[in-house]
Amino acid sequence: MCGIVGYIGHRPAVPILLNGLKRLEYRGYDSAGVAVLRNGQIEVRRKAGKLRVLIEEVARNPLEGMVGIAHTRWATHGEPIDRNAHPHVNPHRTLAVVHNGIVENFLALREELESEGVTFASDTDTEVIVHLIDRHMQAGRSLVEAAREALRMLKGSNAIVVLSAQEPDKLITARLGNAGGIVIGHGEDGEMFVASDLPAILEHTRRVTFLEPGQMAVVTREGAQVFTLEGEPVAVEITTVPWDITAAEKGPYKHFMLKEIFEQPRALMDTIAGRVDFRTGEIAFSTLPLTSEQARSISKIHMTACGTAYHTTLVGKVLVERLARIPVETMIASEFRYADPIVDESMVVLAVSQSGETADTLAAMHEGKQKGATLWSIVNVIGSQAMRIADGYISMQVGPEISVASTKAYTAPLVDLYMLAVQLGFLRGRITPEERLELVEHLQYVPGWVEQVLSRAEAIHQVAFKYRHMRHCFYLGRGINMATAYEGALKLKEISYIHAEGYPAGEMKHGPIALLDEDMPVIAVIPQDPWYEKMLSQVEQAKSRGAPVIAVATEGDERIADLADEVFWIPKVPWMLSPVVAIVPLQLFAYYIAAELGLDVDQPRNLAKSVTVE
Ligand code: F6R
């Protein structure tokens, strides 16, 4: 993920900034850069590759200054080359910007600026922010006003820091949405820090202010002033971070699970960043390089995993079969290992695992290996066994997941599987470059869609409060969202100890429908996907048996609004990406029920984060 560090004080900024970037290296990146202000001039050094390449460049061409910003970038718009690395500057080098996120309306803004005569020096979406601020400053606005005006024009989830030679004694920073956090560090003796993540600044100060979505701040040597994007002042809350870094990472959230649910826009952005190019539609996994010949030679993919990770494979099967026309079989890893599965050298065994250490999943991988299959994995923990033993892997890029109940490590692999399916489809000649571009373009909106669901957390909380004492319920789904029903039910049962059954809706009539009555709530996953009409009749049947219905449905769906007792609304999204968005209200629903019941949400009874025994 992109990392941000900013400094204003009385010491040389560059060592502080580069050191801060080092602390963020674990998030991954493909280029890095730094800008400092000296004698009214902004100087920049930017390099593709690892941080040490930038450090060597700075050693060759030193930079000095006591105010500066720095960045590690994962490419989204434009390849990882020097000129696309951040910070980005205006032609007169009076402004520099670093940015995490995706400017969703980047193309429209770029076209507008170009029609006004602006020349772009990079392929990035970030550069539009520089030119927008520049335009407002040239019209006579102050830096704060210009930044505010520019920020209000951006769509999407973004975190930004701005440095200006015209107003050299301040940094402007802002957080728009959840895809990128901003923390401001209050140092001693006129020193202030800004970062995307706590580890970048913790060695300097433990007194911090977290910006909320929709807030911007003016940071000077004297302190920070926080405003809404409308310019209303906000009281600056300073939190002292405890020495325990794990506790520190929890930030303002009561539980890690809630924090991790809210981290999803950022986790999803990190998942996409560095892999796709929105301008060309190209997809590349550096750790799973694929040629057209290899993709064409795959006769079958066996997807295997446990629990939540297994549910991702159910979505993966639909995607790979639809887009790449490769037959996919999914099997729970604890079954796969003993099933004597039919596997040969022309097949791939693909394991999904957050920890990469789950005993059953590793055993399934060994089984596949022994039978000569190519081993792939999608894994979160770097260096884990599932990563090491695989012939190729995709790393989840979601950062540490601490809560036992998996959330961000569910949605991120869904996006990985989508990208993999698109790429396999393309390489096998099933998808044209135009179709690939369109499928890839949708990805840039995913963090924003999840963000929209999160903004309705309080409404979901209220429904959870109402249903907190239920003892049983059904989660129903079909097609690509059958997995969403399974996963929603698993989330609820594992942290609230309420019996929740995830079921394919079409199977209800073959038995389980006998259980439906007014004491058996039905949670129906019914977004606008190809199975919508079928799901609707299941909802009608549940209602006619008196069962209360909570639906996950698409905004504007009046039929569901009339039929269901409660609705968790999600935005209208392409159906192949709907599982990523539809699960989010169900994660929140499970969380709020368990929290309202006063249970140990992050450490549910009888469960461990990593199941390393059979
Ligand atoms: C449920 C959950 C588990 C894990 C399963 C596999 O919230 O977290 O079902 O998904 O134990 O774990 P990993 O992904 O580490 O292989």
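Predicted, not measured: the structure shown is a model, and the values here were computed from it.

1. Some words on the site of the ligand
Okay, so step 1: Neighbouring the ligand are 13 residues, the closest being S353, Q354, S355, T358 and E494.
Okay, so step 2: One of the backbone nitrogen or oxygen atoms of S406 is found 2.9 Å away from an oxygen atom of the ligand.
Okay, so step 3: The element contributing the most residues to the shell around the ligand is helix α10 (residues 307-324), with 3 residues.
Okay, so step 4: Its residues assigned to classes, the shell around the ligand comprises 4 nonpolar, 7 polar and 2 charged.

2. What to know about the sheet that holds strand β6 (residues 95-101)
Okay, so step 1: The strand order β5-β6-β7-β8-β12-β13-β14 describes an open sheet built from 7 strands, whose pairing is antiparallel. Taken across any chain shown, the strands that pair with only one partner, and hence form the sheet edges, are β5 (88-89) and β14 (233-234).
Okay, so step 2: In this structure, strand β8 (residues 171-176) lies alongside strand β12 (residues 215-220), joined through 5 bridges in antiparallel fashion. When the bridges of β12 are listed, L171 appears paired with V219.
Okay, so step 3: Most of the contacts of helix α4 (residues 126-138) go to β6, to which it runs at about 140°, and overall it touches β5, β6 and β7 (158-164).

3. Considering the environment of P62
Okay, so step 1: Position of P62 among the secondary structure elements: in the loop between α2 (51-60) and β4 (67-73).
Okay, so step 2: In the structure, P62 is positioned 17 residues away from R45 in sequence and 9.1 Å away in space, judged by C-alpha atoms.

4. Let's talk about the pattern of salt bridges
Note that side chains of opposite charge can pair when their charged atoms are close.
Okay, so step 1: The tally for this structure, following the rule as stated, stands at 28 salt bridges.
Okay, so step 2: The shortest N-O distance in the salt bridge between E43 and R45 comes to 3.1 Å.
Okay, so step 3: E555 serves as the salt-bridge partner of R456, at 2.3 Å between the closest nitrogen and oxygen. You can see R456 sitting in the loop between α16 (446-454) and α17 (457-467) and its partner E555 sitting in the loop between β24 (549-554) and α20 (558-563), a full 99 residues away along the chain.

5. Side note on the pairing of strand β19 (residues 374-379)
Put simply, side chains in a regular strand alternate between the two faces of the sheet.
Okay, so step 1: The element β19 is extensively covered by neighbouring structure, given that 5 of its 6 residues are classed as buried.
Okay, so step 2: Here strand β18 (residues 347-353) runs beside β19; their pairing, made up of 6 bridges, is parallel. Paired with L350 across the two strands is W376, which belongs to β19.
Okay, so step 3: For the handedness criterion, the β-α-β arrangement of β18, helix α12 (residues 359-370) and β19 is classed as right-handed.

6. Here's the deal with a negative patch on the surface
Okay, so step 1: On the surface, a cluster of negative charge is contributed by E434, E435, E438 and E441.
Okay, so step 2: Relative to the helices and strands, E434 is located in helix α15 (residues 433-443).
Okay, so step 3: Relative accessible area serves as the criterion here: at 56%, E434 is assigned to the exposed category.

7. Considerations on the domain arrangement of the chain
Okay, so step 1: Entries for the chain in the domain assignment read domain 1 (3-252), domain 2 (260-444) and domain 3 (450-596).
Okay, so step 2: Once you take the C-alpha centre of each, domain 2 and domain 3 turn out to be 26 Å apart.
Okay, so step 3: Contact between domain 2 and domain 3 buries roughly 2100 Å² in total, counting both sides, with carbon and sulfur atoms accounting for 80%.
Okay, so step 4: Contact with domain 3 buries surface across domain 2, with I261, F262 and H311 losing the most and accounting together for 22% of the total.
Okay, so step 5: On the surface where domain 2 and domain 3 come into contact, there are 0 salt bridges.
Okay, so step 6: Inspection of the domain 2/domain 3 interface yields 6 residue pairs in polar contact (both at pLDDT 80 or more).
Okay, so step 7: When contributions to the side of domain 2 that touches domain 3 are tallied by element, the ones reaching two or more residues are α7 (256-262), α8 (264-272), α10, α14 (408-427) and α15.
Okay, so step 8: If you tally residues by element for the side of domain 2 that touches domain 3, the top one is α10, at 9 residues.
Okay, so step 9: For the side of domain 2 that touches domain 3, the residue count by class is 15 nonpolar, 8 polar and 1 charged.

8. Notes on the sheet that holds strand β10 (residues 192-195)
Okay, so step 1: The 8 strands are arranged β3-β2-β4-β1-β10-β9-β11-β15 in an open sheet whose pairing can be described as antiparallel. Either end of the sheet is taken by a strand with one partner, and the two such strands are β3 (41-48) and β15 (239-240).
Okay, so step 2: For strand β11 (residues 207-210) and β15, the ladder comprises 2 bridges, and the chain directions are antiparallel. When the bridges of β15 are listed, V208 appears paired with T239.
Okay, so step 3: Across the sheet, α2 lies against β2 (31-38) and β3, angled at about 140° from β3, the strand it touches most.

9. A short note on the environment of G356
Okay, so step 1: Along the chain, G356 falls in the loop between β18 and α12.
Okay, so step 2: With a relative accessible area of 0%, G356 lands in the buried category.
Okay, so step 3: Note: C-alpha distance between G356 and V522 (166 residues apart in sequence) is 34 Å.
Okay, so step 4: G356 has contacts with L362, V379, S384, Q385 and A386, leaving out every residue within four places of it along the chain.

10. Things to note about the packing of aromatic side chains
Okay, so step 1: Under the criterion given, the structure shown has 7 aromatic pairs.
Okay, so step 2: Seen from their ring centres, Y445 and W449 are 6.0 Å apart, and the 40° between their planes marks the pair as tilted.
Okay, so step 3: A centroid spacing of 5.3 Å and a plane angle of 70° characterise the contact between Y591 and Y592, whose relative ring orientation is edge-to-face. Grouping residues by exposure puts Y591 and Y592 together as buried.
Okay, so step 4: Sitting above the plane of the F465 ring, R468 keeps its charged end 3.8 Å from the centroid.
Okay, so step 5: Positioned over the ring face of Y497 is R605, at 3.8 Å from the centre of the ring.

Rules behind the numbers
Residues numbered from 1 in each chain as written. Predicted model: local features only at pLDDT ≥ 70, side-chain atom pairs only at ≥ 80, totals over all residues. Heavy atoms only, no water. Near = heavy atom within 4 Å. Polar contact = N/O pair within 3.5 Å; in protein donor to acceptor, adjacent residues only side chain to side chain. Helix = DSSP H or I, 4+ residues; strand = E, 2+ residues; numbered from the N terminus. Nonpolar A, V, L, I, M, F, W, Y, C, P; charged D, E, K, R; others polar. Pairing = 2+ DSSP bridges. Contact = heavy atoms within 4.5 Å. Axes fitted to C-alpha atoms, helices over the stretch in contact; angles between N-to-C directions. Salt bridge = Lys/Arg side-chain N within 4 Å of Asp/Glu carboxyl O. Buried < 20%, exposed > 50% of the residue type's maximum accessible area, 1.4 Å probe, protein only. Right-handed = clockwise from strand over helix to strand, strands pointing away. Patch = residues over 30% accessible without salt bridge, like charges linked within 9 Å, V, L, I, M, F, W, Y side chains within 5 Å. Areas by Shrake-Rupley, 256 points an atom, 1.4 Å probe, with all protein chains shown as cover. Lys, Arg positive; Asp, Glu negative; His and termini not counted. Charge placed at Lys NZ, Arg CZ, Asp CG, Glu CD. Domains from an automatic or database assignment. Buried area = accessible area lost by both parts, 1.4 Å probe. Phe/Tyr/Trp six-rings, centres within 6.5 Å; stacked < 30°, edge-to-face > 60°. Lys NZ or Arg CZ within 6 Å of the ring centre and 35° of its normal.

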